[in-house]
Amino acid sequence: AEESIQLIVEDDGRGVPEGAAQGGGLGLLGMEERAKELGGKFTLSSELGSGTKIEVWLPRKVIV
């Protein structure tokens, strides 16, 4: 399997409303598009009142 780099950003804040990555601002959508352009993966999991977790995986060859 190809080696990858994983970045996790997590908080215990208010959470993000469902669909926030698809509409409104460009921040989350831009992160997702850039990860995919580099051959990686972007996931966002959130529950209102329980915080948010963003995970990004990028192929190591892109980083080095």
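Before any of the text, the structure's been laid out above.
Caption draft 1: View of the environment of Ser46. You can see Ser46 is positioned in strand 2 (residues 41-46). Along the chain, Ser46 and Asp11 lie 35 residues apart, while their C-alpha atoms are 9.7 Å from each other. If we ignore the near neighbours within four places in the chain, the residues touching Ser46 are Gly15, Val16, Gly51 and Thr52. Here Val16 takes part through its backbone nitrogen, which lies 2.7 Å from a polar atom of the side chain of Ser46. One polar contact links Ser46 to Thr52, side chain to side chain, over a distance of 3.1 Å.

Caption draft 2: Highlighting the packing of aromatic side chains. Tallying each qualifying case throughout the model produces zero aromatic pairs. The positively charged end of Lys41 is found above the aromatic ring belonging to Trp57, 5.1 Å away from the centroid.

Caption draft 3: Here's a closer look at helix 1 (residues 27-37). Looking only at helix 1, the buried set comprises Gly30, Glu32 and Ala35. Elements in contact with the buried residues of helix 1: strand 2 and strand 3 (52-59). Of the residues flanking the end of helix 1, it is Gly39, one or two places downstream, whose phi is positive at about 85°.

Caption draft 4: How the structure looks around the pairing of strand 3. For strand 3, the buried fraction is high: six of the eight residues fall into the buried class. Two elements, strand 1 (residues 4-11) and strand 3, share eight bridges in a ladder whose sense is antiparallel. Pairing of Leu7 across the sheet is with Val56, part of strand 3. Examined bridge by bridge, strand 2 and strand 3 share six bridges and lie antiparallel to one another. Across the sheet, residue Ser46 finds its bridge partner in strand 3, namely Thr52.

Caption draft 5: Highlighting the pattern of salt bridges. Evaluation of the coordinates by the stated rule reveals three salt bridges. Glu32 is paired through a salt bridge with Lys36; the nearest N and O atoms lie 3.4 Å apart. Here Lys36 and Glu32 lie together in helix 1, a separation of four residues that amounts to about one turn. Overall, the relative accessible area of 16% leaves Glu32 in the buried class. In this structure, the salt-bridge partner of Glu55 is Lys53, at a minimum N-O distance of 4.0 Å. The buried category is assigned to Glu55, whose relative accessible area is 15%.

Analysis parameters
- Along each chain, numbering runs from 1 in the same order as the chain's sequence is written.
- Note on the predicted model: pLDDT of at least 70 is required for a residue's local features to be given, and 80 or more for side-chain atom pairs to be given and counted; whole-chain, interface and lining totals, by contrast, use all residues.
- The side-chain values count all of the structure's non-hydrogen atoms but skip hydrogen atoms and water molecules.
- Here a strand is any run of E in DSSP of at least two residues, a helix any run of H or I of at least four, and the numbering for each starts at the N terminus.
- Here, two residues are considered to be in contact whenever any of their heavy atoms come within 4.5 Å of each other.
- In protein, a polar contact requires one atom able to donate a hydrogen and another able to accept it; more generally it is a pair of N or O atoms within 3.5 Å, and residues adjacent in sequence count only if both atoms are side-chain atoms.
- Note on ring pairs: Phe, Tyr and Trp rings are taken, using the six-membered ring of Trp, and paired if centres are within 6.5 Å. Classes follow the plane angle, with under 30 degrees stacked, over 60 edge-to-face and the rest tilted.
- Cation placement over rings: the criterion is NZ of Lys or CZ of Arg within 6 Å of the ring centroid and within 35° of the ring normal.
- Here's how the labels work: a residue is buried when its accessible area is under 20% of the maximum for its type, exposed when over 50%, partly exposed in between, all with a 1.4 Å probe on protein chains only.
- For two strands to be treated as a pair, DSSP must find no fewer than two bridges joining them.
- Whenever Lys or Arg places a side-chain nitrogen within 4 Å of a carboxyl oxygen from Asp or Glu, that contact is recorded as a salt bridge.

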